[in-house]
Amino acid sequence: MTINNADMTTTVSSREVNGQSNTQTPRSMQLPPVFYQHFLSHVAKRKEPGGIHHLLPLENTPGVISLLAGKPNDAMFPFESFSFSVTDPTHSSRSIPLSLTGPDLAEALQYSTIRGLSRLIDWFVGLQQHVHGRGRAEGWRITIGHGSQDMIFKAVNVIMNSGEPILIEAPVYSGVLPIFRDLQLKLVEVATDEVGVRSSDLRFILENWPENEQKPKLFYTVPYGCNPSGTTATIERRREVLQLAREHNFLILEDDPYYYLYFGKDARPPSYFTLELETPELGRVIRFDSFSKILSAGMRMGFASGPKPILDAMDVYTGFSNLQGSTLMQAVTLALMEKWGYDGFLAHTKAVSGFYREKRDSFQKAMQTHLGDLAEWRTPEAGMFFWFKLLVNPDPNSKAIQRGWFRQRHSKTVYLPFQVQISSRMDVEQPTEVLLLKERAEKDESP
């Protein structure tokens, strides 16, 4: 696809990411809306905005009395207030009381716009500017959903057509596989190692792609503490992937629920969302943030950041499915974020990452004690997962495999589906999970 430079907007500025100045930002061109026509699915092009819900923003016009939305009268809602308390991120022994009353409560109990509460969106935009160095005038915006999984589902459906190829990391987060399989996508696996996706393998795949077949237009990745491999991609690998995205014309779905759970010794690598500021083009990264690991999994609070044409299509999809994210949960989040501020929020996430660092160390100590030379692994730098190799007999006729203890993905490798419960209840000296694992490995050939 040919893009005229006259259609592209130039962005150049000095930036600050996580308090560090970035003086190497080049002149980046914002990809124009017409560029994304190639990436929108047939479904996305066919769907049109709903007649009522997409008009809700007009109700905020001064002097307008709206009769269009069929909103229930909030005088009949039985809730008078919501009161709760949260931890003070600067003093963990203290609590901060919060409440929703008056106009804030009325807004929380009512229908809202598809993309979410405007004040919360504005707070999230400021967060992306503060953490990832992204300016407000770079052609991207935010939409809020029921957790990042909801956002990913919609993004895939507005980009991919049935049967098309998609690039995925191997191993990949199992939660997205039903989304891909529902569309009957051709899964093109890109191997990973201890420093993330193997960009050299990705280049080989793309440069040797059959000439008569459509190339992938999407790459899905979890770049920090990946579920299940636990790997964090280095900055060099990320830059190479961004370069390949330009060379072979694909978009990047940056699924990043573990960004704030980074606890490595070295500085955290910049996100793809940040690093595309180094490239000549802006608008190939669609980023998904989740509060499930840092606030509450049950709140289902997540949001997407990315090019406006893609997020507009996602909002249309939302209008046909669940109308909007939960306004009440958005209002609770907003009350908390406005009270904490960006500094308080980052202080909280620092405490969360420190908590999981301790759990990682405890579990690794248990593995060293009880597994010994039965397994090998690399210490994860982020997230909640260990990926370890059991040094057992890979014979497919092994009784362990036949009994379902292991599943074989490749002919030379045996894997064990295993999830670690790293809670405060875990007994490091006698961890049931590790002892069970050891027993299974040692009794691989027992009758």
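Since we're looking at a predicted model, the values are computed, not measured.

### Observations regarding the overall build of the chain
Along the chain, the regular secondary structure elements total twelve helices and 19 strands. For the chain, the residues scored as buried account for 50% of the 447 residues in total. Across the chain, every contact between residues at least 6 apart in sequence was considered, and the portion connecting residues at least 24 apart equals 71%. Per element, the accessible surface of the chain, about 21,600 Å² overall, is 50% carbon and sulfur.

### Some points on the packing of aromatic side chains
Scanning the entire structure with this criterion turns up 20 aromatic pairs. Seen in terms of ring centroids, Phe355 and Tyr356 are 5.2 Å apart; in terms of plane orientation they differ by 85°. Their pairing is edge-to-face. Judged by relative accessible area, which is 37%, Phe355 ranks as partly exposed. Above the face of the Phe273 ring, Arg134 is positioned so that its terminal group lies 4.3 Å from the ring centre. Here the basic side chain of Arg238 rests over the ring of Tyr224, its NZ or CZ set 4.1 Å away from the ring centre.

### Some details on the packing of helix α4 (residues 147-159) against helix α9 (residues 308-321)
As a packed pair, α4 and α9 sit with axes 9 Å apart at the nearest point and diverge in direction by 110°. In this view, α4 runs roughly perpendicular relative to α9, as classed from their interaxial angle. Between α4 and α9, the residues in contact are Met151, Phe153, Lys154, Ala155, Asn157, Val158 and Ile159 and Ile310, Ala313, Met314, Tyr317, Thr318 and Ser321, respectively. Of the residues in the contact of α4 with α9, the class split is nine nonpolar, three polar and one charged.

### A word on the packing of helix α6 (residues 199-207) against helix α7 (residues 235-248)
Taken N-terminus to C-terminus, the directions of α6 and α7 make an angle of 15°; their axes are 9 Å apart at the nearest point. Here α6 lies roughly parallel to α7, going by the angle between them. Between α6 and α7 the crossing geometry is left-handed. In this structure, α6 contributes Ser199, Leu202, Arg203, Leu206 and Glu207 to the contact, and α7 contributes Arg237, Glu240, Val241, Gln243, Leu244, Glu247 and His248. Residue composition of the contact of α6 with α7, by class: four nonpolar, three polar and five charged.

### Comments concerning the sheet that holds strand β10 (residues 196-197)
Think of a sheet as strands paired side by side through backbone hydrogen bonds, with each pair either parallel or antiparallel. Pairing is mixed across the open sheet formed by eight strands, whose spatial order is β7-β15-β14-β12-β11-β8-β9-β10. Every other strand in the sheet has two partners, leaving β7 (140-146) and β10 as the edge strands with one partner each. Judged from the seven bridges that link them, β7 and strand β15 (residues 301-307) form a sheet pairing that is antiparallel. Note on β15: the bridge partner recorded for Ile144 is Phe303.

### Concerning helix α10 (residues 327-370)
Every α-helical turn comprises 3.6 residues, leaving residues that sit three or four positions apart pointing alike. The first and last C-alpha atoms of α10 sit only 48 Å apart over 44 residues, clearly below the 64 Å expected at 1.5 Å per residue. Along α10, the sharpest change in direction is near 100° and occurs at Gly341. Two residues or fewer after α10 comes Gly372, characterised by a positive phi angle close to 55°.

The rules behind each value
Residues numbered from 1 in each chain as written. Predicted model: local features only at pLDDT ≥ 70, side-chain atom pairs only at ≥ 80, totals over all residues. Heavy atoms only, no water. Helix = DSSP H or I, 4+ residues; strand = E, 2+ residues; numbered from the N terminus. Buried < 20%, exposed > 50% of the residue type's maximum accessible area, 1.4 Å probe, protein only. Contact = heavy atoms within 4.5 Å. Areas by Shrake-Rupley, 256 points an atom, 1.4 Å probe, with all protein chains shown as cover. Phe/Tyr/Trp six-rings, centres within 6.5 Å; stacked < 30°, edge-to-face > 60°. Lys NZ or Arg CZ within 6 Å of the ring centre and 35° of its normal. Axes fitted to C-alpha atoms, helices over the stretch in contact; angles between N-to-C directions. Parallel < 35°, antiparallel > 145°, perpendicular 65-115°, else oblique. Nonpolar A, V, L, I, M, F, W, Y, C, P; charged D, E, K, R; others polar. Left-handed = near helix turned anticlockwise from the far one by under 90°. Pairing = 2+ DSSP bridges. Expected span 1.5 Å × (residues − 1). Bend = angle between axes of the 7 residues up to and from the residue.

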